[in-house]
Amino acid sequence: MTTPDPAHFEHHAALYDDARPPYPEELWQRLRDLSLLIPGGHALDLGAGSGQATGRLLAEGMHGTAVEPGVELGRHLHERFPQVSLLAATAEQVAIPDATFDIAVAATSIHWMDLSIVLPKISRALRPGGHLLVWRHIFGDPLSEATPFRQHIADIVSQRHAPPRPGPADVDTTGWATALVSGNFFTETHREEFRWAIRLDPAAVTKLFTTFSDWSADEVRQAAQAVKDEGGSVVEHYLTALIVLERL
């Protein structure tokens with residue numbers, strides 16, 4: 001195994017929408033409760049991929065600008081949502097105007113970004129009182145009851161020798177919150193974790209795990225076989241961690 005490669009997603013652009021489960025409805029309701037989804041407002045979606053978050057922002061009546069460096073992912077996004085302004089660049093490289101957006105969103109993408117570059121850039125791009133919304137899927141809720149399938153996954157991962165990804169661990173929501181307020185560009189206003197579950201068969205596991213940037217094809221086959229060994233379907237317990245930050 002090698003260090004995870006962001007270009008991995010580009011190779012599986014056509015698979016991404018079908019494979020990745022949507023963000024939980026409780027997340028979107030919380031954003032409504034916090035008055036962050038502003039009809040007629042302007043949203044900046046960073047690392048937008050094929051538009052999983054972008055589409056929901058549009059459905060809430062917001063105008064969308066999507067930042068996505070992947071050509072194929074951007075093409076899928078633009079085909080689905082032609083009204084979105086698409087910027088083909090990384091969050092570090094993109095040129096965005098100052099004081100333009102009401103919210104900026106990093107949905108399961110913040111771990112790819114250099115915060116020393118991105119945080120001040122987002123702060124400038126937001127209007128006064130604007131918010132940065134960061135959330136992440138954590139595949140395998142550490143607080144849920146251990147299952148034989150999860151043990152299979154842990155055994156597969158334990159065989160790796162790749163260096164860990166820089167930054168806080170996936171499950172370290174506190175660590176991410178601390179990193180996001182570094183530099184004094186933002187203050188944290190809300191933090192919450194949403195727990196949910198989904199049933200997966202071998203085909204669904206194959207598609208989903210193929211989209212994971214740190215999983216090899218052989219590891220994906222092992223994960224699918226583990227589902228077969230458990231009777232043909234498994235219930236996976238997941239967690240989505242939300243951090244809301246206001247521009248200082």
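Please refer to the structure placed before this passage.
In what follows, the accompanying structure is described. This structure is a prediction, so every number in the text was calculated from the model and none was measured.

1. Some points on the packing of aromatic side chains
Geometrically, a pair of aromatic rings is defined through the distance of the ring centres and the angle of the planes.
Here comes step 1: Within this structure, the stated rule accounts for eight aromatic pairs.
Here comes step 2: Judged by centre distance (5.6 Å) and plane angle (80 degrees), the ring pair of Tyr23 and Trp135 falls under edge-to-face. One end of the pair, Tyr23, is in the loop between helix H2 (13-19) and helix H3 (25-33); the other, Trp135, is in strand S5 (residues 126-139), and 112 residues separate them in sequence. When sorted by exposure, Tyr23 lands in the same class as Trp135, which is buried.
Here comes step 3: Arranged with centres 4.8 Å apart and planes meeting at 50 degrees, the rings of Phe139 and Phe212 form a pair that is tilted. Here Phe212 lies in the loop between helix H9 (202-210) and helix H10 (217-229) and Phe139 lies in strand S5, a separation of 73 residues in the sequence. Exposure class is identical for Phe139 and Phe212. Each is buried.
Here comes step 4: Here a set of aromatic residues connected by ring pairs shows up, and it is made of Phe139, Phe149, Trp196, Phe209, Phe212, Trp215 and Tyr238.
Here comes step 5: The residue whose ring lies beneath Arg160 is Trp215, and the NZ or CZ to ring-centre distance is 4.9 Å.

2. Some remarks on the packing of helix H7 (residues 148-158) against H10
Here comes step 1: Across the interface, H7 lies against H10 with an axial gap of 9 Å and an inter-helix angle of 160 degrees. In terms of orientation, H7 lies roughly antiparallel with respect to H10. The handedness of the crossing between H7 and H10 is right-handed. Packed against H7, whose contacting residues are Phe149, His152, Ile153 and Ile156, the element H10 presents Glu219, Gln222, Ala223, Ala226 and Val227 at the interface.
Here comes step 2: Here the contact of H7 with H10 is composed, by residue class, of six nonpolar, two polar and one charged.

3. Structural notes on the pairing of strand S7 (residues 234-247)
Here comes step 1: Of all 14 residues in S7, ten are buried; the element is thus mostly enclosed.
Here comes step 2: Summarising the sheet, S5 and S7 pair through nine bridges and their orientation is antiparallel. Among the inter-strand pairings, His131 is bridged to a residue of S7, identified as Glu246.
Here comes step 3: As judged from the 14 bridges shared by strand S6 (residues 186-200) and S7, these two strands associate in the antiparallel manner. Following the sheet pairing, His190 is matched in S7 by Val244.

4. Digging into unusual backbone geometry
Here comes step 1: At Ala99, a residue that is not glycine, the phi angle is positive and equals roughly 50 degrees.
Here comes step 2: Its location among the elements puts Ala99 in the loop between strand S3 (85-87) and strand S4 (101-107).
Here comes step 3: You will see that Thr108, though not glycine, has its phi angle at about 50 degrees, which is positive.
Here comes step 4: By secondary structure assignment, the location of Thr108 is in the loop between S4 and helix H6 (115-125).

So, how was this worked out
Chains are numbered independently. Their residues run from 1 in the order of the written sequence. Selection of residues for local features in this predicted model requires a pLDDT of at least 70, selection of side-chain atom pairs for listing and counting requires 80 or more, and totals for whole chains, interfaces and linings are taken over all residues. Side-chain measures were taken over the full set of non-hydrogen atoms in the model, leaving aside hydrogen atoms and water. Two rings from Phe, Tyr or Trp (for Trp, the six-membered ring) form a pair when their centres sit within 6.5 Å of each other. Planes less than 30 degrees apart are called stacked, planes more than 60 degrees apart edge-to-face, and all others tilted. Helix and strand definitions follow DSSP, with helices as H or I runs of at least four residues and strands as E runs of at least two, each counted in order from the N terminus. Three exposure classes are used, based on accessible area relative to the maximum for each residue type with a 1.4 Å probe and protein chains only: buried under 20%, partly exposed in between, and exposed over 50%. Whether a charge sits over a ring comes down to the Lys NZ or Arg CZ being within 6 Å of the ring centre and within 35 degrees of the ring normal. Lines fitted to the C-alpha atoms define the axes, with helices restricted to the stretch that makes contact. Angles between their N-to-C directions range from 0 to 180 degrees. The cut-offs work like this: below 35 degrees is roughly parallel, past 145 is roughly antiparallel, 65 to 115 is roughly perpendicular, and the gaps in between are oblique. Definitions for this section: a left-handed crossing has its near helix turned counterclockwise from the far helix by less than a right angle. A right-handed crossing has that turn clockwise. The criterion used for residue contact is that any of the two residues' heavy atoms lie within 4.5 Å. Classification convention: Asp, Glu, Lys, Arg as charged; Ala, Val, Leu, Ile, Met, Phe, Trp, Tyr, Cys, Pro as nonpolar; all other residues, Gly among them, as polar. A pair of strands is treated as paired once DSSP finds two or more bridges between them.

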